[in-house]
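Structure assessment
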Amino acid sequence: MDKLLFGISGIPLGNGEKFNYASGIEYLSSIGLDAMELPFVRSVNVTNKNRETIIKMKEKYNFYLSAHGSYYVNLNADEEEKIYKSKERILKGAEALASVGGRSLVFHAGYYLKASKEDTLDKIKNELKTLPKELVTYRLETTGKASQFGDIKELVDIAKTVSGCNICIDFSHIHARGVGLLKEYRDFAEILEYVGEELGRNALEDLHVHLSGINYTDKGERNHLPLSESDFNIKACLKAFVDYDVKGCIICESPILENDALYMKDLYNSL
């Protein structure tokens, strides 16, 4: 990609208006944002009724669409039926996103349960290899709790070895998983250096990122917060993006959505 895009997860808040995906795209473009992540977390809600209007607005405003896949995915489940259903949900999201010209399907791949980290990684990699690769890019998201599969090293390993898979770096999740891990500029820079060294410059020019304020305990993530109510160092994060010339898409998951997304875009442009 040739620049860094800024967008939100889901439907914008607006000023009391009721939006759908198409009108939400139009509104977000009008206020200076570039992207929307469709929330397929509980159900896939692109249908024959709204598909054409979504495509029309996406093309009209040259808008970037991604999607967050189902919450109900565990590719390390003990039961084969649960793995089958997980892949079915991933595929359904991929097909819907592809049908409106979207590109990146984000999801959490699973849980360690009673397995070792090494065995979990191997099993999830094997299951991901069976997914069709022609629809979208599968973006495995860094997770916010140590009990969840998905630290940065695990996901970089997948991106290196499984065709069609890449990473979604949720820096807020990394911060929470590490119980306040990301404090200074160097903490963010080290992550970008690691990704660049392991996956190449192309990865930094096509990065998919989630950002928001975040509330956490010693067990990790609790909930997202507005940036102003969190200890997340957004300025240091964005300064690292500038210095490492990161391109791609930032999706804001703050409860105040486009307000924090615009704040981040303005801050980024000022650095």
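Parameters and conventions
Starting from 1, residues in each chain are numbered consecutively following that chain's sequence as written. For a predicted model such as this one, the threshold for reporting local features is a pLDDT of at least 70, and the threshold for listing and counting side-chain atom pairs is 80 or more; totals across whole chains, interfaces and linings nevertheless cover every residue. Computation of side-chain values: all heavy atoms of the structure, hydrogens and water removed. Helix numbering and strand numbering both begin at the N terminus, where a helix is a DSSP run of H or I of at least 4 residues and a strand a DSSP run of E of at least 2. The criterion used for residue contact is that any of the two residues' heavy atoms lie within 4.5 Å. UniProt positions are given in the numbering used here, feature names are shortened, and annotations may be inferred rather than shown by experiment. Paired strands, as defined in this entry, are two strands with at least two bridges between them according to DSSP. What counts as an axis is a line fitted to C-alpha atoms, over the stretch in contact for a helix, and the angles between N-to-C directions run from 0 to 180 degrees. Definitions used throughout: a 1 Å grid over protein atoms alone; a cavity as a set of points that fits a 1.4 Å probe which cannot get out; a pocket as an open set with protein on both sides within 12 Å along at least five of seven lines; a lining residue as one with an atom within 4 Å of a point. Grid points are joined across faces, edges and corners, and a volume is the space filled by probe spheres set on the points. Residue classes follow a fixed rule: Ala, Val, Leu, Ile, Met, Phe, Trp, Tyr, Cys and Pro count as nonpolar, while Asp, Glu, Lys and Arg count as charged, and any other residue, Gly among them, counts as polar. Helix crossings fall into two classes, left-handed where the near helix is turned counterclockwise from the far one by less than a right angle and right-handed where it is turned clockwise. Among the buried residues, those of types Ala, Val, Leu, Ile, Met, Phe, Trp, Tyr and Cys that are joined through side-chain atoms within 4.5 Å form a nonpolar core. Note on classification: 1.4 Å probe, protein chains only; a residue is buried when its accessible area is under 20% of the maximum for its type, exposed when over 50%, partly exposed between these limits. Within this document, salt bridges are pairs made up of a side-chain nitrogen of Lys or Arg and a carboxyl oxygen of Asp or Glu, the two lying within 4 Å of each other.

Side note on the side chain of Asp34
- Residue placement: Asp34 occurs in the loop between helix 1 (21-30) and strand 2 (35-39).
- Each residue touching Asp34, except ones within four places of it in the same chain, is listed here: Leu5, Phe6, Phe63, Tyr64 and Lys265.

A look at the UniProt feature "domain: Xylose isomerase-like TIM barrel" (unreviewed entry) in the protein chain
- As recorded in UniProt, the feature "domain: Xylose isomerase-like TIM barrel" (unreviewed entry) lies at residues 26-256.
- Helix makes up 40% of residues 26-256 and strand 20%, whereas the separation of the span's terminal C-alpha atoms amounts to 18 Å.

Some thoughts on the sheet that holds strand 5 (residues 137-141)
- Spatial strand order, 1-2-3-4-5-6-7-10: eight strands in a closed barrel with parallel pairing. Across the sheet, the axes of successive neighbouring strands diverge by a mean angle of 30°, strand direction being ignored.
- As paired strands, strand 2 and strand 3 (residues 64-68) are joined by five bridges and run parallel to one another. Looking at the pairing, Leu38 lines up with Ala67 of strand 3.
- Contacts from helix 3 (residues 80-99) reach strand 2, strand 3, strand 4 (104-107) and strand 5, with the element oriented near 150° to strand 4.
- Running at roughly 170° to strand 7 (residues 207-211), helix 9 (residues 234-243) makes contact with strand 1 (4-9), strand 7 and strand 10 (248-252) of the sheet.

Quick look at the layout of surface pockets
- Of the volumes computed, that of the largest pocket is approximately 510 Å³.
- Taken together, 24 residues make up the lining of the largest pocket; nearest its centre are His68, Tyr71, His108, Glu221 and His224.
- Of all the elements, strand 9 (residues 220-225) adds the most residues to the lining of the largest pocket, at three residues.
- Class assignment of the residues belonging to the lining of the largest pocket gives a composition of seven nonpolar, eleven polar and six charged.

Focus on the packing of helix 4 (residues 117-128) against helix 5 (residues 152-161)
- Running from N to C, helix 4 and helix 5 point in directions that differ by 35°, and their axes come no closer than 11 Å. As helix 4 runs across helix 5, the sense of the crossing is right-handed. Facing Lys117, Leu121, Ile124, Lys125 and Leu128 of helix 4, the residues of helix 5 in contact are Glu154, Asp157, Ile158 and Thr161.
- Classifying every residue of the contact of helix 4 with helix 5 by side-chain character gives four nonpolar, one polar and four charged.

A closer look at the nonpolar core
- Counting 78 residues, the largest nonpolar core has Leu38, Leu128, Ile158, Phe171, Leu211 and Phe241 as the members making the most contacts within it.
- No other element matches the six residues that helix 9 contributes to this core.
- Of all hydrophobic cores here, the second largest spans five residues; its members include Leu5, Tyr64, Cys249 and Ile251.

Comments concerning the pattern of salt bridges
- Tallying each qualifying case throughout the model produces 16 salt bridges.
- A salt bridge links Lys82 to Glu79; its shortest N-O distance comes to 3.7 Å.
- Note that Glu88 is salt-bridged to Lys85, the shortest N-O span being 3.6 Å. Of this pair, Glu88 and Lys85 both sit in helix 3, three residues apart, which is roughly one turn of that helix.
- Of the residues examined, Glu88 reaches a relative accessible area of 38% and is grouped as partly exposed.

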